[in-house]
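Geometric and topological summary
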Amino acid sequence: LQRESIALREVVAHCVEEIAERVRYNEIAVETSVTEDLMLDADRTALETVLRNLLDNAVKACVAGEGSAISVAAKRTGGDVTITVRDDGLGFPPEHGAQIFKKFYRLGDELRRKTPGTGLGLYIVKRLVDLSGASIAAASEGPGKGATVTVSWPAAEGS
C-alpha cells in the first residue's frame, strides 16, 4: 500500500458521483456528512475501493429492499476516523454481521436473489481494511430494516 494523507471528503464526493446515475434512476437519496478537515492515513486506491464497494452494496440493498436512502458520515474518534455507510434497504439477520465479510458469502436464497454479485466485494473490502490497519463492522436490525457498515480508519498525523 502507498500510504499518504488523504482528504476523506474529496474521496467520498468522488465515489458518490460515480453512483449518481444509478441512484437517480432508482430514486435513492444520498446524503453525506464529512467535514473538510478529516484526513486519513491511507492508500488512495484501497480507500476508494472500500467506499465504492460499500456504496455499491448500499445501492443494491436499497433496490432489492425497496429502500430510498443512503448516508455516508464521518467523524474523528481518538486516533481514527469513523466512516459510517447506512442504507434503509434489504437488511440482514443481526447474527450475520460478521459473516457478510467472508469469501463468496451472499445473503438470501440463491434462486430468489434480486441483485447480481459474486460474494467477493465485502471480502475484498475486509482484506483492504485489514491491510490498512483499520477495522470494519456491519450491523442490521433485521431483514427489511437496512444496514450500517462502520469503518474505523487511522487518521493522518496532525489532522
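Provided above is the structure to which this section pertains.
A quick note: this is a predicted structure, and the numbers were derived from the prediction, not measured.

Scanning the protein chain from N- to C-terminus turns up four helices and seven strands. Taken from the N to the C terminus, the helices and strands of the protein chain come in the order β-α-α-β-β-α-β-β-α-β-β. Put simply, 69% of the contacts in the protein chain that link residues at least 6 apart link residues at least 24 apart. When the accessible surface of the protein chain is summed, it comes to about 8,700 Å², and 49% of that surface belongs to carbon and sulfur atoms.

What follows is about the nonpolar core. With 43 residues, the main nonpolar core has L8, L47, L54, I83 and W153 as its most contacted residues. The leading source of residues in this core is helix α3 (residues 44-65), at nine residues. Non-local contacts of L54, meaning those with residues more than four positions away in its chain, are made with V85, L122, V125, I136, V149 and V151.

A few words on the environment of I136. Within the secondary structure, I136 sits in strand β6 (residues 135-139). Spatially, the C-alpha atom of I136 lies 6.4 Å from that of S152, the residues being 16 residues apart in sequence. Discounting residues that sit within four places of it in the chain, I136 has contacts with L54, F101, V125, K126, V129, V149, T150 and V151.

We now examine the environment of I83. Tracing the backbone shows I83 in strand β5 (residues 80-87). A relative accessible area of 3% means that I83 is categorised as buried. Distance from I83 to L8, taken between C-alpha atoms, is 9.4 Å for residues 75 residues apart in sequence. With sequence-adjacent residues up to four places away left out, I83 is seen in contact with L8, L40, L51, V72, A73, A74, V149, T150 and V151.

For the rest of this paragraph, the subject is the packing of α3 against helix α4 (residues 121-131). Relative orientation of the contacting elements α3 and α4 amounts to 150°, with a least axis distance of 9 Å. Helix-helix and strand crossings are classified by hand; for α3 and α4 the assignment is left-handed. Side by side, α3 and α4 meet where A46, T49, V50, N53, L54 and N57 of the first sit next to G121, L122, I124, V125, L128 and V129 of the second. Of the residues belonging to the contact of α3 with α4, the class tally is eight nonpolar, four polar and no charged.

Next up on the list: helix α1 (residues 8-18). Those residues of α1 that sit buried are L8, V11, V12, C15 and V16. Around the axis of α1, the buried residues are gathered within 130° of arc, so they sit on the same side. Facing away from the buried surface of α1 by more than 90 degrees, the exposed residues are E10 and E17.

What counts, and where the lines are drawn
- Residues numbered from 1 in each chain as written.
- Predicted model: local features only at pLDDT ≥ 70, side-chain atom pairs only at ≥ 80, totals over all residues.
- Heavy atoms only, no water.
- Helix = DSSP H or I, 4+ residues; strand = E, 2+ residues; numbered from the N terminus.
- Contact = heavy atoms within 4.5 Å.
- Areas by Shrake-Rupley, 256 points an atom, 1.4 Å probe, with all protein chains shown as cover.
- Core = buried A, V, L, I, M, F, W, Y, C linked by side-chain atoms within 4.5 Å.
- Buried < 20%, exposed > 50% of the residue type's maximum accessible area, 1.4 Å probe, protein only.
- Axes fitted to C-alpha atoms, helices over the stretch in contact; angles between N-to-C directions.
- Left-handed = near helix turned anticlockwise from the far one by under 90°.
- Nonpolar A, V, L, I, M, F, W, Y, C, P; charged D, E, K, R; others polar.
- Arc of directions from axis to C-beta.

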